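Fold and contact review
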Amino acid sequence: SSPGTSLSSYYDYTGCVAMTNLVYLIYLRDGRVVKLQVESYYDPTKQESCNSTGVSPPPPTGSGNVRVHWAFVP
């Protein structure tokens, strides 16, 4: 079993790596805040298939490519 981390809930594994769409707030040392969302593990088309059907897409060639979306909170 893997160790738990603060961001470990960004995915759900039920046959493929499905995104939970959770948004995390990261508090920086200088007082600013960043919102972060992990958008995908697979390429966007395969990720959408996994998220909507729970069916694993054909295995990617090479490593997973995690895509994140982030922005400073005003």
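A brief report on the enclosed structure follows. Because the structure is predicted, anything quoted here is derived from the model rather than measured.

Calculation rules
- Residues numbered from 1 in each chain as written.
- Predicted model: local features only at pLDDT ≥ 70, side-chain atom pairs only at ≥ 80, totals over all residues.
- Heavy atoms only, no water.
- Helix = DSSP H or I, 4+ residues; strand = E, 2+ residues; numbered from the N terminus.
- Contact = heavy atoms within 4.5 Å.
- Core = buried A, V, L, I, M, F, W, Y, C linked by side-chain atoms within 4.5 Å.
- Buried < 20%, exposed > 50% of the residue type's maximum accessible area, 1.4 Å probe, protein only.
- Pairing = 2+ DSSP bridges.
- Axes fitted to C-alpha atoms, helices over the stretch in contact; angles between N-to-C directions.
- Polar contact = N/O pair within 3.5 Å; in protein donor to acceptor, adjacent residues only side chain to side chain.

It is worth spelling out the environment of aspartate 12 at this point. Tracing the chain through its elements places aspartate 12 in strand E1 (residues 11–13). In sequence terms aspartate 12 and glycine 54 are 42 residues apart; their C-alpha atoms lie 9.6 Å from each other. In this structure aspartate 12 touches Val17, Ala18 and Thr20, once residues within four positions along its chain are discounted.

So, about the nonpolar core. Considering soluble globular proteins, one finds that nonpolar side chains tend to be buried as a cluster. Core analysis: the biggest nonpolar cluster contains nine residues, these being Tyr10, Cys16, Val17, Ala18, Met19, Tyr24, Val38, Tyr42 and Cys50. Considering each element in turn, this core owes the most residues, three residues, to strand E2 (residues 17–19).

What follows deals with the sheet that holds strand E3 (residues 24–27). In any sheet, the strands associate via hydrogen bonds between backbone groups, in a parallel or an antiparallel arrangement. Strand order in this open sheet of three strands is E3-E4-E5, and the pairing throughout is antiparallel. Edge strands, defined here as strands with exactly one partner in the open sheet, are E3 and strand E5 (67–72). With strand direction ignored, the average angle separating the axes of adjacent strands in the sheet is 30°. For strand E4 (residues 33–40) and E5, the ladder comprises six bridges, and the chain directions are antiparallel. For lysine 35, the partnering residue across the bridge sits in E5 and is alanine 71.

This part takes up helix H1 (residues 44–53). The distance from a side-chain oxygen at the start of H1 to the backbone nitrogen of threonine 45 is 3.1 Å, and the residue carrying that oxygen is aspartate 43. Where H1 ends, the next residue or the one after it, glycine 54, has phi of about 75°, a positive value.

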